[in-house]
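# Architecture and fold: a report
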Amino acid sequence: MSNHPEAAVAPVEAYEPPYYVAVFTTVRTQEQSGYSETNARMEDLVKDIPGYLGMDHAQTPGGLGITVGYFRDAEALTRWRTDAEHRAAQKRGRAEWYESYTLHVAKVERSHGFTRGESADAAPEG
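Quick summary incoming for the structure in this document. (Residues numbered from 1 in each chain as written. Predicted model: local features only at pLDDT ≥ 70, side-chain atom pairs only at ≥ 80, totals over all residues. Heavy atoms only, no water.)

For the rest of this paragraph, the subject is the nonpolar core. Within the largest apolar cluster, 11 residues are counted, these being Ala-22, Met-42, Leu-45, Val-46, Ile-49, Tyr-52, Phe-71, Ala-76, Leu-77, Trp-80 and Ala-89. Elements with a minimum of two residues in this core: helix 1 (35–46) and helix 2 (74–82). Among residues more than four places away in sequence, those in contact with Phe-71 are Tyr-19, Tyr-20, Val-46, Gly-51, Tyr-52, Leu-53, Ala-76, Leu-77 and Trp-80. Listed in part, the 7 residues of the second largest apolar core include Val-12, Tyr-15, Tyr-19 and Val-68. (Core = buried A, V, L, I, M, F, W, Y, C linked by side-chain atoms within 4.5 Å. Buried < 20%, exposed > 50% of the residue type's maximum accessible area, 1.4 Å probe, protein only. Helix = DSSP H or I, 4+ residues; strand = E, 2+ residues; numbered from the N terminus. Contact = heavy atoms within 4.5 Å.)

Throughout the structure, instances matching the rule amount to 8 aromatic pairs. With centroids separated by 6.2 Å and ring planes inclined at 90°, the aromatic side chains of Tyr-35 and Tyr-98 adopt a geometry described as edge-to-face. You can see Tyr-35 sitting in helix 1 and its partner Tyr-98 sitting in strand 4 (residues 98–108), a full 63 residues away along the chain. The exposure class assigned to Tyr-98 is buried, which follows from its relative accessible area of 16%. (Phe/Tyr/Trp six-rings, centres within 6.5 Å; stacked < 30°, edge-to-face > 60°.)

Right, here's the structure in full:
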């Protein structure tokens, strides 16, 4: 999870469904040597996957981290899951950086967003 204080805080936009999300929820270990550099590399690498739509991050004060990756289709998600450099980072994560994690993959069937100052008519009902 990167820390980009200069970047505007905003969620990934709502895309026209269907698309896919990968929700990666973690609790990290005390040993974090090399994590920030690897995380930054993964964030750069995933952007090159055709069909990658964006990523949201959140971290609780208690240490629970959540990263949500958005992908246009299952093929894009598979390309990311099977990328050799990503696989190596996953292996290192299990060995060093994560106390525990879960991964949930879902197909998005409904999506909408809201931004203050934009027309309220743009928001769907329900």
